[in-house]
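Here's the letter readout for the chains.
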Amino acid sequence: MPSRSPPAVSRLALALLLAASAAGPARAAEPELVFRKSTVFKLLTPDDKLATYELDDPDVDGVACYYTIPEKGGVAGIFGVAEQASDVSLACRQYGPVVFKEKFEQGDVVHRESRSLIFKRMQIVRGCDAKRNVLIYMAYSDKLIEGSPKNATSAVPVQPWGGAEAPKCGDWVK
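Residues numbered from 1 in each chain as written. Predicted model: local features only at pLDDT ≥ 70, side-chain atom pairs only at ≥ 80, totals over all residues. Heavy atoms only, no water.

A separate point is the sheet that holds strand β4 (residues 89-100). Strand order in the open sheet made by the four strands is β1-β2-β3-β4, with antiparallel pairing throughout. Either end of the sheet is taken by a strand with one partner, and the two such strands are β1 (32-40) and β4. Put simply, the sheet's adjacent strands are angled 15° from each other on average, direction ignored. Pairing of strand β2 (residues 48-56) with strand β3 (residues 60-71) involves eight bridges; the strand directions are antiparallel. In the strand pairing of β3, Thr52 is matched with Thr68. (Pairing = 2+ DSSP bridges. Helix = DSSP H or I, 4+ residues; strand = E, 2+ residues; numbered from the N terminus. Axes fitted to C-alpha atoms, helices over the stretch in contact; angles between N-to-C directions.)

The following block contains the structure:
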């Protein structure tokens, strides 16, 4: 008896399962919308926009990151099925005394969000330049099959605050 290929529904279910397992654990920090600005006018559907979000580092008190991403409007945007562009800009700053909550690995995920229905994610990861005592944040997008070269990097020199000595980020790297 000839073998039959699995139905399309089974292949889609397998793809969804693989995408979910590749996503890994979700971070506790949720970004807060600061503002949106329309970039492309659409007559009967929502405009395309740029949206700026604030995100506190969940493992490092005193550091916040701001990132801007494009958000597609139109019919696909209404239903949440538009594949969003991979573009992202990133700026992170120390806004108070830096307090490390736990040890971290170079490249630990600070935030992850979906940028398409299934396969594309935008991530913000953290590292430490121990020699200079600088936290490094990198934002990039990836796909299950292929990534994107579009990325952004921001550096946060860990400074003393309120008379207290600055902690050394290298002491907190696993």
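Another aspect to go through is the nonpolar core. Within the largest apolar cluster, 26 residues are counted, with the highest numbers of intra-cluster contacts made by Tyr67, Leu90, Ile124, Leu135 and Tyr137. Listing elements by their share of this core, those giving two or more residues are β2, β3, β4, β6 (120-129), β7 (134-143) and β8 (151-157). If one sorts the elements of this core by residue count, β3 sits on top with five residues. (Core = buried A, V, L, I, M, F, W, Y, C linked by side-chain atoms within 4.5 Å. Buried < 20%, exposed > 50% of the residue type's maximum accessible area, 1.4 Å probe, protein only.)

Nonpolar side chains collect at one region of the surface, where Val34, Phe35 and Tyr66 lie side by side and expose about 290 Å² of accessible area between them. Within the secondary structure layout, Val34 lies in strand β1. (Patch = residues over 30% accessible without salt bridge, like charges linked within 9 Å, V, L, I, M, F, W, Y side chains within 5 Å. Areas by Shrake-Rupley, 256 points an atom, 1.4 Å probe, with all protein chains shown as cover. Salt bridge = Lys/Arg side-chain N within 4 Å of Asp/Glu carboxyl O.)

What follows is about the pairing of β6. Side chains on a regular strand alternate between the two faces of the sheet. Counting buried residues in β6 gives nine out of ten residues, a clear majority hidden from the surface. By the bridge criterion, six bridges tie strand β5 (residues 108-114) to β6 in an arrangement that is antiparallel. Within β6, the position partnered with Arg112 by the bridge is Gln123.

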